[in-house]
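Next come the chains, spelled out residue by residue.
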Amino acid sequence: MAKVAVIGAGTMGHGIAELFAIAGYEVALVDVAEDFLRRALQNIEWSLNKFAERGQLKEDVKAILSRIKPIVNDVCRAVDGAEIMVEAVIEEIETKRKVFAEADRCAPPNAILATNTSSLPITEIAEAVKPERRPLIVGMHFFNPPPLMPLVEVIKGAYTSDDTVKKVVEYAQKLGKQTVVVNRDVPGFIVNRILARASDAACWAVAKGEADIIGVDSALINKAGLPMGAFLLMDYVGIDVVCFIGDAMSKRGFKAHACPLITEKCSSKKFGVKSGEGFYKYPAPGKFQWPQIPKEAGEKVDVVRLLAPAINEAAYLVREGIATKEDVDKAVKLGLNWPKGPLELADEFGVDVVVKSLEDLKAKTGFEEYEPDPLLRQMAQQGKLGRKSGEGFYIYVKAEEKRLETIIIRYEPPIAWIILNRPERLNAINAKMMEELSAALDELANADYDKVRAVIITGVGRAFSAGADITGFVGTTPVLAYRLSRKLHDIAEKIERLDRPVICALNGYTLGGGLELALACDLRIAAETAQLGQPEVNIGLFPGGGGTQRLTRLIGLARAKELIFTGDYISAKDAERIGLVNRVVPPERLEQEARSLALKLAEKPPIALAMAKAAVNFGYEAPLWTGLDLEAAHFGVVFSTEDLYEGVSAFLQKRKPQYKGR
């Protein structure tokens, strides 16, 4: 059994140890006192039991726990025979250097020594070990809590070898994590640099009297779709942590002006949730409760002004080769749960608009860090402005977009998108969304084939849809519940009856009514990070949007019963294995893969596809002879089309057919 050493049994350390144990490794877990280790093991057991309740473990909890060996204050013993060490002690450089020096003395010569630091330089830590070990020193930055957060930043220090980076990426993937590679050891790596810019911009907007705290957070949540506003997130993380990381980054060359509102909170020890008060007040120290943040409070706040500095930092990371544009956006979406990465936001806002906002900020503040990055200026000069010009950081096809209250309808002829757009509620399905989905499907059904030949349904943010919005259940009567169920059925039936193929791109949580919506689609592509399930039983319900019927027909009686009866979530890979999804792809490729498949289908004869879909869907449950007769009837319809003549002619002439849908 491969051995791993985890040094530090705090929040991060015990979470990392849990991940390695789940993956089958023997884990030596070290801390300075037996009490710390006992508490860590209790926390790990609690977490494992939660995973077991959701059916997300393939082994017994006790078997996993048995692989974790607590060791009191003995790094040397822990790393003996280990193939990798992950250090997760306090964020203090000398403490980390001492751990690495001791590990270097006792670990096997080829053992990788990784640090989970969120802000300290890998290179400075590496200089505590012998020169011959330095190529094996690397950053392996998990996010809190490690068992739940999908991202690991792999950071290359000045001495780190490419082979070490490759191996650590492989370790992280074995733990079920998504990775991004930071090619140069810059303070804050990717996520914390971008978060620092967003936090500072929000803070200075309030400090300068341009907005208030609630208005800023409301705009970031309701207009930008972030899961938390900047001030609420600082409270949640701990304002002391924000001050510490900001100070550590500034000392190492990160250009920033400390915002007085943040430093004052640190001085007065108002650290946020942990102290009971920060930018907001909480019921008691350590007890989080969402404050009142009305939607209308942020209506006049400019979100471009708030996010332009984060976009500027992202552009710097790309221009300097510190990370690829894909990894920058991936890191922010997975590490901060933003619905879009900063470079995607730049394309959305318009690169020229972002540059203008940065110029205004620099003029007002005099802060050097607001100088637009040369990459942004170059793109603006070249007319690479984002979606509106067809190219920015990414290339876009010509699109026409309609933004409704809960969904976006996007036309990219010959395909169309329906995008669920309630990221702050994990795209939970409410009455308004059902109304808009139904109307959108009617609109697409009436669209010409020249405009729409295939449809993709997906969601914004970290969820496809987490199910029905249970806040709408209050006061529901049996009759109203029946009507709700029928409305969900009607939407699913419209998808099944639509005379063109429908692809679901499952970008995250696909639960309850969200999974039932996906079941009605013709094809399902899932991101590797997606989780699927019918958890209704966990709140005293069972699937009411078609799950008891479509799930059974898709994956079989026994498997459907298991998912419905247990309420467990399953991974995208497991969903693919049982036939619930057609294919699984890395999250950063989901949109590309869905579009590629839709365009492939759009090249086919649309009437033939419509007839095939009808024959399959409506013949599936019929007796064989009825189904065959239905097939023959639809087969006959296709013989009346011009497309058939075109297809046969193209075949004989050895050219690509051009189908018109006639």
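Presented here is a report on the structure given in the accompanying data block. Every value quoted in this text rests on a predicted model; they were computed, and no experiment measured them. (Residues numbered from 1 in each chain as written. Predicted model: local features only at pLDDT ≥ 70, side-chain atom pairs only at ≥ 80, totals over all residues. Heavy atoms only, no water.)

We now examine the packing of aromatic side chains. Per the counting criterion, the structure on display carries 9 aromatic pairs. An aromatic cluster of at least three residues, connected via ring pairs, comprises Tyr 236, Tyr 282, Phe 288 and Trp 290. For Lys 325, the ring lying beneath its charged end belongs to Tyr 394, and the centroid distance is 5.0 Å. (Phe/Tyr/Trp six-rings, centres within 6.5 Å; stacked < 30°, edge-to-face > 60°. Lys NZ or Arg CZ within 6 Å of the ring centre and 35° of its normal.)

Time to look at a nonpolar patch on the surface. A cluster of nonpolar side chains, namely Tyr 236, Val 237 and Val 241, defines an oily patch on the protein surface of about 250 Å² accessible area. Secondary-structure assignment places Tyr 236 in helix H10 (residues 230–237). (Patch = residues over 30% accessible without salt bridge, like charges linked within 9 Å, V, L, I, M, F, W, Y side chains within 5 Å. Areas by Shrake-Rupley, 256 points an atom, 1.4 Å probe, with all protein chains shown as cover. Salt bridge = Lys/Arg side-chain N within 4 Å of Asp/Glu carboxyl O. Helix = DSSP H or I, 4+ residues; strand = E, 2+ residues; numbered from the N terminus.)

So, on to helix H27 (residues 642–653). Over its 12 residues, H27 extends 16 Å from the first C-alpha to the last, a length consistent with the 16 Å expected when each residue adds 1.5 Å. When we look at burial in H27, the residues that qualify are Asp 643, Glu 646, Gly 647, Ser 649 and Ala 650. Positive phi appears at Lys 654, one or two residues downstream of H27, with a value of about 55°. (Expected span 1.5 Å × (residues − 1). Buried < 20%, exposed > 50% of the residue type's maximum accessible area, 1.4 Å probe, protein only.)

What follows covers the nonpolar core. Ranked by internal contacts, the top residues of the largest apolar core, which has 99 residues, are Ile 7, Met 85, Ile 190, Ile 194, Phe 231, Trp 338 and Phe 393. By size, the runner-up hydrophobic cluster in this structure holds 47 residues, among which are Tyr 411, Ile 429, Leu 563 and Val 584. (Core = buried A, V, L, I, M, F, W, Y, C linked by side-chain atoms within 4.5 Å.)

So, on to the sheet that holds strand S14 (residues 502–506). Here 7 strands make up an open sheet; going across it, the order is S9-S10-S11-S12-S14-S16-S19 and the pairing mixed. Lying at the two open borders of the sheet, with one neighbouring strand each, are strand S9 (400–403) and strand S19 (583–585). Neighbouring strand axes in the sheet, compared pairwise and without regard to direction, differ in orientation by 20° on average. Bridge count between S9 and strand S10 (residues 407–412): 4 bridges; the pairing is antiparallel. Bridging from a neighbouring strand, Glu 401 pairs with Arg 410 of S10. (Pairing = 2+ DSSP bridges. Axes fitted to C-alpha atoms, helices over the stretch in contact; angles between N-to-C directions.)

Using the criterion set out here, one finds 55 salt bridges in the structure. We note a salt bridge from Glu 53 to Lys 50, for which the minimum N-O separation is 4.0 Å. You can see Glu 53 and its partner Lys 50 sitting in helix H2 (residues 34–53), 3 residues apart, about one turn around the helix. By relative accessible area, which is 55% here, Glu 53 ends up exposed. Judged by its relative accessible area of 32%, Lys 50 falls in the partly exposed class. The closest approach of N and O atoms between Asp 360 and Lys 356, which form a salt bridge, is 3.1 Å. In this pair, Asp 360 and Lys 356 are both assigned in helix H16 (residues 351–365), 4 residues apart and thus about one turn of the helix distant. A residue is classified by how much of its surface remains accessible, and Lys 356, at 46% relative accessible area, is partly exposed. One salt-bridge network, in which partners are shared between bridges, spans Lys 340, Glu 348, Arg 387, Glu 401, Arg 403 and Arg 410.

Here the focus is the pairing of strand S7 (residues 151–155). Burial analysis of S7 places 5 of its 5 residues in the buried class, which makes it a mostly covered element. Of the two faces of S7, both are covered, the one formed by Leu 151, Glu 153 and Ile 155 as well as the one formed by Val 152 and Val 154. Note that strand S6 (residues 137–142) and S7 share 4 bridges and pair antiparallel. Bridging across to S7, His 141 finds its partner in Glu 153.

Right, let's get into unusual backbone geometry. Cis geometry is adopted by the peptide bond preceding Pro 145, which originates at Asn 144 and carries an omega value of -5°. Checked against the element boundaries, Pro 145 lands in the loop between S6 and S7. With omega at 15°, the peptide bond leading from Pro 413 into Pro 414 counts as cis. Within the element layout of this structure, Pro 414 appears in the loop between S10 and strand S11 (415–420). For Asn 73, which is not a glycine, the phi torsion comes out positive at approximately 50°. As for its position among the elements, Asn 73 is in the loop between strand S3 (68–72) and helix H4 (75–79). A relative accessible area of 55% places Asn 73 in the exposed class. For Leu 426, which is not glycine, the phi torsion reads 55° and is therefore positive. Note that Leu 426 resides in the loop between S11 and helix H18 (431–445).

That's the geometry; what it means functionally is another story.
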